[in-house]
Amino acid sequence: MGDFSVGQSVSRFEDPRLLRGGGRYVDDVALPNMAHGFVLRSPHAHAAIRSIDTRAAEAAPGVLAVITGKGWKESRFAANMPRGNGLKKRDGSPMFVPPYPPLAVDRVRRVGDYVAFVVAETRNQAMDAAEMIAVDYEPLPSVTSTAGALDPEAHKVWQDCPDNICYVHTEGDKAATDAAFAKAGHVVSQQFVINRVSANSMEPRGCVGDYDAASGQYTLYTTLQGLQPYRSVLSGLLGVPESRVRVIAGDIGGGFGMKSAIYNEVPLTLYASKLTGRPVKWMSSRSEALLSDAHARDNVTEAQLALDRNGKFLGMRVKNVVNLGAYLQAGGENSGIKNLGTLAGVYTTPAIHVDVTTVYTNTNPMRAYRGNGRPEAAYVIERLVDIAADEMGIDPAELRRRNSIAPDAFPYKTALSFTYDCGEFQKNLDMALALAGYDGFEQRRREARSRGRLRGIGISNTIERAGSEGNEGVEIRFDRRGSVTIGSGSINQGQGHETMYKQLAAAYLGIDPAEMRYVQGDTDKVPDGRGSFGSRSATIGGTAMHMAAGKIVAKARQIAAHMLEVPTEEVAFEDGIFSTPATNRTLTMKEVAQAANDPGNLPDGMEVGLAATAIYTAHVNNYPNGAHICEVEIDEETGKADIVAYSVVDDVGTVLNPLLLKGQIHGGIAQGAGQILMEDIRYDESGQLLTGSFMDYCMPRADDLSYIQVESNPVPTKSNPLGVKGAGEAGNVGALPAVANALVDALSVFGVRHIGMPATPERIWRAIRDGKAKRG
């Protein structure tokens, strides 16, 4: 249908409902006779638990149950939360995987650790009772520093892990890299401290556990990112068949990777429901979220880039120390290594070697956050390129051109793990430079200087892996009157999945979206699929829609041919209409769907009804890429930095909906710029969280960004039938290095070569002051 065809900027169908207050989030779930849970958390980063006295709490008004670690052992559920595994230490021995009990038994290992779960008639009663629990702690030394965890004198998070190392991972050709550096004409080196951040989704985590003793059925309402796999893992944790677990997710206010885990509160609410015979709800507050959500990033990187005297890249070395926190959530082990291939960038660097050491500290567990290693890797290579350009006196754009992979070089195997199938990296850069008015920048810099402002420009030309391998399912089901229900295994957390699936269905089937209903988030209602993460929904879910629609059209064509009394091969289908040159009679898809419920309209042997399910399995990734140009102005007196211009040219393959694409790019840029300029999780030396509320953890606002120009240079991929490349994380991947490069360029007048993140006004002011002092 023309108004809803692929490539049209269709407004989001879900927005009117959400804007009018029609959203149904987990905190809106109110079941009959529902009780409320509250977690008592550790105030210490590391302490032995000598004793826990719950008697006063159990006698408090409204209290129904108090669960401790010893009580959990009586539940007969799994002793540990789902944990990562499968990697090795440097000597080849298995990685260290510590226990991960839902409630601590004899020791707590981070501020916010789980000590007890109180269930009461109201949340306030549960909170009051939690304060009555007497816990006798013996405080112990702790370690929170990423690099400091490797110090031989550092305190041990786990006594069975004396070096605090979880695993070591290497990638690339070390011998070839060493040889490249030996013949280099120029080498640049830099340490990058990529700070710890929190996802801070608009909707905090929450869950409602409901156990039905009559059927033995567990029902969970929660916030998540993958539905069917979540149920599978949860059933193993509960020790029951998967068929006895139902998981329901309503509207979800953001996830960004943080909500992909099964958190401790989930089995606690289900066990509490079983104990009390009532549904139990737990909802996080914002401060509790900063204490309990998985954090992200937190790498210390030593990186080097080797070039010849003409600026050609010869080799790259990277050594990372990655903080995993105190416990290893399932999937958390991947964040530091899954996307190291992004370090190769869009460049022809022939030799790269990466060495990653992961460490335990007395801090929150770590896991994926929008980009999951891609922004960190892009930041490292793109900062190195700018440092090299500065040292060698080459324009940063020109240095990138000299080393970019040519469009006729595909498929291109990089020196790390990725093999790119297509792209026009130099064209992206040239388009972005033109969009940003790069040639006129020096004039803008002089004008800003006349106002006492320092203006800088930053470039990034990045690539990432998206559309992670795996399956996704879609069901299309016509009812008797010809309207449609679409069920998807994807989980919408604000991306606009309902709009995408309806738009694709309208384009393929010719049905008005007003006659469609989109269903997600219920294991009893939707087909199999892995969920939404890694920029995979349009690629894999969209292809499943393509396949299911193809099945619908194929069956409907047979029905139409039978009704029109012509051979099937003579029936054409276009814009929702079946036609044949043998007659001037036509049938719409809706008419065929209505007719499909009458056996008299069907060919012999055909089943009644019109429905189809398709599950698409992706075996290869795709590689979205793009160029970002950021301009900043800095107040020399205060150090405050403002983003004053931002331009992006992205290649996400076939653009399904330009409006949704721009929204994804804008959101990613905001999160990337937020980390560079202000966001920061910080602990003191004793392990206390210093940024435990939005009073201390600074979040980007709309007025922290400029207008963002977004254009596309689509190079469709052949890795899926739609030609789509993932777009959900592209903005974040490009923004970290672009904003950082712009800041350094603005400060270069004072000899500043690098500035750490977050580049707060104080940090920038100190860099200016130090630069002036060095210059006399």
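My aim in this report is to walk through the structure given alongside it, one point at a time. (Residues numbered from 1 in each chain as written. Predicted model: local features only at pLDDT ≥ 70, side-chain atom pairs only at ≥ 80, totals over all residues. Heavy atoms only, no water.)

## Thoughts on the nonpolar core
Among the nonpolar cores identified, the biggest contains 147 residues, and L234, V380, Y646 and L743 are the most heavily contacted of them. No other element matches the eleven residues that helix 17 (residues 730-747) contributes to this core. The contact partners of Y646, leaving out residues within four places of it in the chain, are H628, I629, C630, I669, S706, Y707, I708, Q709, G734, A735, A738 and V739. Counting 49 residues, the second largest nonpolar core, distinct from the first, contains I486, I511, A593 and M606. (Core = buried A, V, L, I, M, F, W, Y, C linked by side-chain atoms within 4.5 Å. Buried < 20%, exposed > 50% of the residue type's maximum accessible area, 1.4 Å probe, protein only. Helix = DSSP H or I, 4+ residues; strand = E, 2+ residues; numbered from the N terminus. Contact = heavy atoms within 4.5 Å.)

## Some remarks on the packing of aromatic side chains
Tallying each qualifying case throughout the model produces 18 aromatic pairs. For the ring pair F77 and Y218, a centre distance of 6.1 Å and an interplane angle of 70° mean the geometry is edge-to-face. Of this pair, F77 sits in the loop between helix 3 (69-73) and strand 4 (107-108) while Y218 sits in strand 10 (residues 217-222), and the two are 141 residues apart along the sequence. In this structure, F77 and Y218 share a single accessibility class: buried. A ring pair is formed by Y420 and F425, whose centres lie 6.1 Å apart and whose planes are at 85°; its orientation type is edge-to-face. Assessed through its relative accessible area of 0%, Y420 is described here as buried. (Phe/Tyr/Trp six-rings, centres within 6.5 Å; stacked < 30°, edge-to-face > 60°.)

## Regarding the side chain of E729
Its location among the elements puts E729 in the loop between strand 28 (708-712) and helix 17. Of the residues examined, E729 reaches a relative accessible area of 8% and is grouped as buried. A polar contact is formed between the side chain of E729 and the backbone nitrogen of G371, at a distance of 2.9 Å. (Polar contact = N/O pair within 3.5 Å; in protein donor to acceptor, adjacent residues only side chain to side chain.)

## Notes on the pairing of strand 26 (residues 625-635)
The buried fraction of strand 26 is high, at ten of eleven residues. Pairing of strand 18 (residues 453-463) with strand 26 involves eleven bridges; the strand directions are antiparallel. Counted as the bridge partner of G458 is C630 from strand 26. As paired elements, strand 26 and strand 27 (residues 641-651) share ten bridges and run antiparallel to each other. Bridge pairing links H628 to V648 in strand 27. Linking strand 26 to strand 27, which pair antiparallel, is a turn of five residues; within it G639 sits at a positive phi near 85°. (Pairing = 2+ DSSP bridges.)

## Observations concerning helix 13 (residues 497-509)
Each α-helix winds once per 3.6 residues, and so residues spaced three or four apart point in a common direction. In this model helix 13 runs 18 Å from its N-terminal to its C-terminal C-alpha over 13 residues, within 8% of the 18 Å that 1.5 Å per residue would give. Most of helix 13 is tucked away: eleven of the 13 residues are buried. Among all positions of helix 13, only H497, E498, T499, M500, Y501, K502, Q503, L504, A505, A506 and L509 are buried. Backbone geometry just downstream of helix 13 places G510 in the positive-phi region, at approximately 75°. (Expected span 1.5 Å × (residues − 1).)

## Some points on the sheet that holds strand 25 (residues 611-618)
A sheet is described by the order of its strands in space; here four strands give the open sequence 21-20-19-25, paired in mixed fashion. The open sheet is flanked by strand 21 (516-519) and strand 25, the only strands paired with a single partner. With direction set aside, neighbouring strand axes in the sheet form an average angle of 15°. Along the sheet, helix 13 makes contact with strand 19 (470-478), strand 20 (484-488) and strand 21, crossing strand 21 at roughly 135°. Sheet strands in contact with helix 14 (residues 537-564) are strand 19, strand 20 and strand 25, and its direction is about 145° off that of strand 25. (Axes fitted to C-alpha atoms, helices over the stretch in contact; angles between N-to-C directions.)

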